[in-house]
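Remarks on the overall topology
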Amino acid sequence: QRLRFWIFHTFFPIVLELERIYRILHVGSVEIAGKPVCFSAPSFGGKSTLTEYFIQKGHTMLCDDAVAIDKRDDGYYAVASYPFHRPFRQPEVLGYPVKNFATDPKPLHAVYLLEKSEPDATVEIKELKGIEKFKAFHFSSFVDFSFMKQERFSFFTEMAKHVPVYSIKVPWDLERLDEVYRAIVAKTTEA
């Protein structure tokens, strides 16, 4: 069971990236009102915790650690990964199967870059522009093979023209996670 998990969770995404079938982002991802969004942060930066919160609120999960991005003529599509969620990053814990799991690729709506903040900080969302937006995509790469640097640069440069990226200040206090949740839902569903 663990071998199967690691093949699907780690090995297979690397193969998909190396074969240039998809670009793989190191993010958590859920749907909000049918729109896929991604949560990007460094390891232990809150991606899995936030993804878990959205799952508990009934949102469809695409991934808890790696989502495939498929470039199509009409945009950039999020392709769901393995239907398991690990709310805590302990290597020996496989997590649990998620029943509400995405099965069809959909256009990626937005990426939220989680900024770890003081427990009493205000939850703020700011749209990133220019190089900051590109850096957020680059920072979210699942693997960083130097021989793929140029094509990855071109891919993310184009993606940055089409997919909005927001930074969100996340107070480091689990009691305030609902504020973060509500801010992301409001931003994603606004007209």
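Here the residue numbering is sequential within each chain, running from 1 through the sequence in written order. Whole-chain, interface and lining totals are the exception, using all residues; otherwise, since this is a predicted model, local features are given only for residues with pLDDT of at least 70 and side-chain atom pairs are given and counted only at 80 or more. Calculated side-chain values reflect all of the structure's heavy atoms, with hydrogen atoms and water omitted.

1. Overview of a nonpolar patch on the surface
In this scheme, patches are assembled from residues that exceed 30% relative accessible area and form no salt bridge. Like charges are connected within 9 Å, while nonpolar side chains (Val, Leu, Ile, Met, Phe, Trp, Tyr) are connected within 5 Å. Residue exposure ignores everything except the shown protein chains as possible cover, and the areas themselves are Shrake-Rupley values with a 1.4 Å probe. Salt bridge, as used here: a side-chain nitrogen of Lys or Arg that lies within 4 Å of a carboxyl oxygen of Asp or Glu. Together, Leu3, Ile7, Phe8, Phe11 and Phe12 make up an exposed nonpolar region whose accessible area comes to about 510 Å². Along the chain, the position of isoleucine 7 falls in helix α1 (residues 2–18). Judged by its relative accessible area of 36%, isoleucine 7 falls in the partly exposed class. Note on conventions: DSSP H or I runs of at least 4 residues are helices, E runs of at least 2 residues are strands, and numbering of each starts at the N terminus. Working definition: with a 1.4 Å probe on protein chains only, accessible area under 20% of the residue-type maximum means buried, over 50% means exposed, and in between means partly exposed.

2. Focus on the sheet that holds strand β5 (residues 67–72)
An order of β1-β5-β6-β9 is seen for the four strands of this open sheet, with the pairing classed as antiparallel. The open sheet is flanked by β1 (23–25) and β9 (106–107), the only strands paired with a single partner. One bridge is not enough; two strands pair if DSSP finds at least two bridges between them. Pairing geometry for strand β6 (residues 75–79) and β9, over two bridges, is antiparallel. Opposite alanine 78, over in β9, you have lysine 106 as the bridge partner. Note on definitions: a residue-residue contact is assigned when non-hydrogen atoms from the two residues lie within 4.5 Å. Where helices are involved, their axes are fitted lines through C-alpha atoms of the stretch in contact, as for all axes, and angles between N-to-C directions lie from 0 to 180°. Most of the contacts of helix α4 (residues 149–160) go to β1, to which it runs at about 70°, and overall it touches β1, β5 and β6.

3. A closer look at helix α3 (residues 130–139)
The complete set of buried residues in α3 reads Lys133, Phe134, Ala136 and Phe137. The buried residues of α3 occupy an angular sector of 155° when projected down its axis, which confines them to one face. Elements in contact with the buried residues of α3: β1, β3 (35–40), β10 (110–117), α4 and β12 (165–171). Comment: arc refers to directions from the helix axis out to C-beta atoms.

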